[in-house]
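Residues per chain are reported as follows:
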Amino acid sequence: MAVCLKCSKRSHQVGELCSCGAGYTVHDNHGKDPLGLLGKMLANKLVPTAVLNIGQMTICYEALEPLVDRTVSLIIGRPEISKDPKFKARFLSLVDKFAVIRSPNSLGVLEEIDIPESKTLAITCEAYKGEPLTEFMATHDVDPVAVMHIIHQILLVAAAYHKNGISVPHLSTANIRIMRMGSDDYFVKLTGMAEAVLCWMDKEDLVDDVYHVGQLALSLMTGKPVPIESVELPPERAYLLPIAQIFLRAIAPSDKRFSSCIELCQTFEAVFELNTRCPEQAVPVRNSVTKKSSDRYTPVPFEQVIWMHCPPGGLK
């Protein structure tokens, strides 16, 4: 349902001009609006319909472009902070860098917009879709192959950011959403990066990024909360120990970690031989499971894990 914030009249259509003529309809559960922009036409093209996230540096709205019937994410810098020239320069620099990211797992930047009503900086991005990773993992039975597929996509997008000179500070499950894309039930979208980068703009450190990505991967593999210092896998998942070793190096002391998420991603792909074309040519990574422990379980065939470049729904 939708509601007009001016007259409280309800409607089935979000983002339409209410019959009262005083405002546009917004989502019934629109959230708190610190800037008072919900239900207003901005820049003659955008109608904010819900508040998605209130951060320290930015506020993210869901917004409708009525003329093209398109839903987008509207990211607005907090007015009280954007007066700082350093913040403004950083924000504009990020817009330029985000615009060249060519990763399907990153929210695409659409345009920079001047919104007089907010008296600050704003950009539009692809609409937020999917389910937060934490909620998804709690409500779905995600097998190890799908977990590896999710981790691989996280590595790919983190590497794409590093390649373009953008840090991914303190990356966590809060930045990951899972959605269905074609036959892939576990497609990853990275969100909240503008807020994260602006919050940590004085502490950009690629090696530190590697640590947080490693912690996230180990948490997904073990089901345990971060921080993780060591890994103990149950017998039925012992075949994943070689992969766990990669991420244990990622969380090692800074002088022993990977230099960036690019190197981390390349190492992960090398273990899985993701650049190989034919399954017959793939060589499984040997694990160190003893005969006694292997007698107690039947591990998932390694062929299922190696071919992570195929979405889990496409594995036979």
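Numbering of residues starts from 1 in each chain and follows the order in which that chain's sequence is written. Local features are withheld for residues below a pLDDT of 70 in this predicted model, meaning they are given only at 70 or higher, and side-chain atom pairs are given and counted only at 80 or more; totals for whole chains, interfaces and linings count all residues. Side-chain descriptors were evaluated using all non-hydrogen atoms of the structure, hydrogens and water having been removed beforehand.

Two strands pair if DSSP finds at least two bridges between them. Strands are runs of DSSP state E lasting at least 2 residues, helices are runs of H or I lasting at least 4, and numbering of each runs from the N terminus. If you trace the five strands from one edge of the open sheet to the other, you get β4-β5-β6-β8-β7, paired in antiparallel fashion. Lying at the two open borders of the sheet, with one neighbouring strand each, are β4 (47-54) and β7 (109-115). Recorded for the sheet is a direction-independent mean angle of 30 degrees between the axes of neighbouring strands. Strand direction decides the pairing type here: strand β6 (residues 70-77) and strand β8 (residues 120-126), joined by five bridges, are antiparallel. What sits directly across from Val72, in β8, is Glu126. The strands that helix α2 (residues 85-99) touches are β6, β7 and β8; relative to β8, the one it contacts most, it runs at about 20 degrees. Axis definition: a line fitted to C-alpha atoms, limited for helices to the stretch in contact. Angles are taken between N-to-C directions and run from 0 to 180 degrees. Whether two residues are in contact is decided by their heavy atoms, any of which lying within 4.5 Å being enough.

This part covers helix α8 (residues 261-272). Helix length check: α8, at 12 residues, gives a terminal C-alpha distance of 17 Å against a target of 16 Å (1.5 Å per residue), a fit within 8%. Think of it in three bands: residues with accessible area under 20% of the maximum for their type are buried, residues over 50% are exposed, and the middle band is partly exposed, with areas taken using a 1.4 Å probe on protein chains only. Taken together, the buried positions of α8 are occupied by Cys261, Leu264, Cys265, Phe268, Glu269, Val271 and Phe272. For α8, the buried positions fall inside an angular range of 155 degrees around the axis, keeping them on one side. Opposite the packed face of α8, turned more than 90 degrees from it, sit the exposed residues Gln266 and Ala270. Positioned one or two residues after α8, Glu273 has a phi angle of 50 degrees, which is positive. Every helix has an expected span of 1.5 Å times one less than the residues it contains. The directions from the helix axis to the C-beta atoms form the arc being described.

Put simply, the largest pocket is a space of about 590 Å³. Think of a 1 Å grid over just the protein atoms. A cavity is a set of points where a 1.4 Å probe fits yet cannot get out, a pocket is an open set with protein on both sides within 12 Å along at least five of seven lines, and lining residues have an atom within 4 Å of a point. Along the walls of the largest pocket sit 32 residues, with Tyr128, Asn175, Thr191, Gly192 and Met193 positioned nearest its centre. The set of elements that each furnish at least two residues to the lining of the largest pocket consists of β4, β5 (58-65), β10 (176-181) and α5 (193-199). When residues in the lining of the largest pocket are grouped by element, the largest group, five residues, is from α5. Lys, Arg, Asp and Glu make up the charged group, whereas Ala, Val, Leu, Ile, Met, Phe, Trp, Tyr, Cys and Pro make up the nonpolar group; the residues left over, Gly among them, are polar. Across the lining of the largest pocket, the residue classes tally to 19 nonpolar, 11 polar and two charged. Grid points are joined across faces, edges and corners, and a volume is the space filled by probe spheres set on the points. In this structure, the second largest pocket occupies an estimated 430 Å³ of space. For the second largest pocket, the lining is made up of 24 residues, of which Thr173, Leu216, Ser219, Leu220 and Lys224 are closest to its centre. For the lining of the second largest pocket, the secondary-structure elements that each account for two or more residues are α3 (133-139) and α6 (206-222). Top element by residues in the lining of the second largest pocket is α6. It accounts for eight residues. Of the residues belonging to the lining of the second largest pocket, the class tally is 12 nonpolar, 10 polar and two charged.

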